[in-house]
Each structure stands twice: as structure tokens, then as C-alpha cells.
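Chain and residue survey
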Amino acid sequence: MKNLIYINACMRAGSRTRRIATPIIEELRKRYNVETVDLTKNLYPVADNYTLEDRNQGIVPPEHVALAKKIAAADRIVIAAPFWDMSFPSALKVFFENMSLFGVTFDSNNKECYGLCKAEKVMYITTRGMNINTGDSLEQATPYIKALSYLWGWGELTVISAQNMDYSTPEEIEERVSKAIEEGLEVCKEF
Ligand SMILES: Cc1cc2nc3c(=O)[nH]c(=O)nc-3n(C[C@H](O)[C@H](O)[C@H](O)COP(=O)(O)O)c2cc1C
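How each quantity is defined
Residues numbered from 1 in each chain as written. Predicted model: local features only at pLDDT ≥ 70, side-chain atom pairs only at ≥ 80, totals over all residues. Heavy atoms only, no water. Axes fitted to C-alpha atoms, helices over the stretch in contact; angles between N-to-C directions. Helix = DSSP H or I, 4+ residues; strand = E, 2+ residues; numbered from the N terminus. Parallel < 35°, antiparallel > 145°, perpendicular 65-115°, else oblique. Contact = heavy atoms within 4.5 Å. Buried < 20%, exposed > 50% of the residue type's maximum accessible area, 1.4 Å probe, protein only. Phe/Tyr/Trp six-rings, centres within 6.5 Å; stacked < 30°, edge-to-face > 60°. Lys NZ or Arg CZ within 6 Å of the ring centre and 35° of its normal. Pairing = 2+ DSSP bridges. Near = heavy atom within 4 Å. Polar contact = N/O pair within 3.5 Å; in protein donor to acceptor, adjacent residues only side chain to side chain. Areas by Shrake-Rupley, 256 points an atom, 1.4 Å probe, with all protein chains shown as cover. Nonpolar A, V, L, I, M, F, W, Y, C, P; charged D, E, K, R; others polar.

Some thoughts on the packing of helix 3 (residues 62-73) against helix 4 (residues 90-99)
Look at helix 3 against helix 4: their axes get within 9 Å of each other, and the N-to-C directions meet at 95°. The angle between helix 3 and helix 4 falls in the class roughly perpendicular. Facing helix 3, whose interface residues are His64, Leu67, Ala68 and Ile71, helix 4 presents Phe95, Asn98 and Met99.

With respect to unusual backbone geometry
At Asp85, a position not held by glycine, the phi torsion is positive, near 45°. Tracing the sequence through the fold places Asp85 in the loop between strand 3 (76-80) and helix 4. Of the residues examined, Asp85 reaches a relative accessible area of 76% and is grouped as exposed. Residues other than glycine seldom take positive phi values, yet Met86 does so here, at roughly 65°. Take Met86: it is sitting in the loop between strand 3 and helix 4. Overall, Met86 belongs to the partly exposed group, its relative accessible area being 28%.

Quick notes on the packing of aromatic side chains
Within this structure, the stated rule accounts for eight aromatic pairs. Ring geometry for Phe96 versus Trp152: centroids 5.8 Å apart, planes at 90°, classification edge-to-face. On the criterion of sequence distance, the pair formed by Phe96 in helix 4 and Trp152 in helix 5 (residues 141-152) is long-range, its members being 56 residues apart. Ring pairs connect the aromatic residues Tyr44, Phe88, Phe95, Phe96, Tyr144, Trp152 and Trp154, which therefore count as one cluster. Against the face of Phe191 rests Arg76, its NZ or CZ located 5.8 Å from the ring centre. Its end group placed over the ring of Phe83, Arg128 keeps NZ or CZ at 5.6 Å from the ring centre.

Digging into the pairing of strand 3
In terms of burial, strand 3 is largely enclosed, as five of its five residues are buried. Side chains of strand 3 alternate between two faces, with Arg76, Val78 and Ala80 and Ile77 and Ile79 buried alike. Relative to strand 3, strand 1 (residues 2-8) runs parallel, the two sharing five bridges. Across the sheet, Asn8 pairs through a bridge with Ala80, a residue of strand 3. Across five bridges, strand 3 lies against strand 6 (residues 121-127) in parallel orientation.

Let's talk about the site of the ligand
By nearness alone, 15 residues border the ligand, and Arg12, Ser15, Thr17, Phe83 and Thr127 come closest of all. Between Asp85 and the ligand, the recorded distance is 2.8 Å, taken from a backbone N or O atom to a nitrogen atom. Burial of the ligand by the protein chains amounts to 80% of its free accessible area of 640 Å². Residue composition of the shell around the ligand, grouped by class: six nonpolar, four polar and five charged.

Structure, rendered in C-alpha cells:
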């Protein structure tokens, strides 16, 4: 079976984003060997001056290198993360920083950087409090994931989202969660 890495950055216990992601992951589990990176349980350290000095000497925690290698080799990536402060939770950014390792997820040829990751498809699942759609200039999560995809070499990005979640009735919220699940399951057919 091919390999899929599921990065779960749904920090809240009752996360609606995770409610959307769970059945999608279960569907993908039928075709992929899924490894979950649960950022609600494992927070990664902020890359500080010591981290960078160590990195320059080739010192990187072996478990970080091992996971970055798995990310680079994975056939598919699914990221679930709520919309926080017009982007995604910092836990996810810090995780990306820890995985952005020269010679593992990306490389350089003296002129520019290029990606070493082989996933041709990436799915990003999110919910937003305000009525902000994917592609709106106020939505700064998708552009970041696209830019990181350029650096790391990930392929096509599909976004599954539900918005206006904090200004809707419970019925409307349920409707949006169901619609996003339906949309995600449809994407799974070609993912
Ligand atoms: C810390 C925090 C920051 C948030 N920032 C924003 C924001 O900048 N814009 C927005 O539209 N909603 C924001 N929200 C609302 C969430 O995007 C919304 O409630 C979302 O559905 C939460 O996802 P979850 O149920 O998976 O936790 C924020 C919520 C939290 C807890």
C-alpha cells in the first residue's frame, strides 16, 4: 500500500475541523497506509539560535530527521487545521520549521531551492469562524501551504473548507460539516 501522512493540527477538543477530517481519513485508510502526526499531543520546539547552530553542524534530533524523511517519501499528505488568526495554528508552522530540513524535504542547487518531497497530491481541511472563503486575500493559510509546497516539491493542493462557523446556527454548522465531509469524500475518489 502507498503511504499517507496525516498532520492533525486540530487543537480544540471539540474540533469541527477534525470532525470533517476523520471520515475522510477513514476513507483514505482503505487505500493508504496512514501515519498520523498528532500536533495536539506532540508539540515541536520553536527553531531558535541553538537549533540553527546545531543544524549548521549537522546536529538534528534523529526522530525529526526520520519523520521528515517519511514526509519526503509519502505519496499523499492530508493536513487538518482550523483557521486561527487568519492562518493556521502556530503549532503547525513550528512543525513545518522542524521538518524543513536541507537535504531531506528540500535542497538547493546554488541558484535556488527545490523540493525533495514526492507527494503529488495534498489535501488541506479547515474550518473558519468568519465568512472568509478559500482564496480570499484575508485567508493566509492556503497561500502559505502553496508556497511551502513549492519549496518542498508537493503537488496539487485541494482545500476542503467550511466557513462562517462562528456566526451560524447549530443546524447550519451541522449542514456545513456534512457538506464538507461529502465534498472531501468525493475528492478521495481521485486522491
Ligand atoms: C485561537 C483562535 C483564533 C481564531 N482566529 C480566527 C480568525 O482569525 N478568523 C476567523 O475567521 N476565525 C478565527 N477563529 C475561529 C475558528 O476559525 C473557528 O471557530 C473554527 O471553526 C475552529 O475550528 P475547530 O472547531 O476545528 O477548532 C479562531 C479561533 C480560535 C480558537
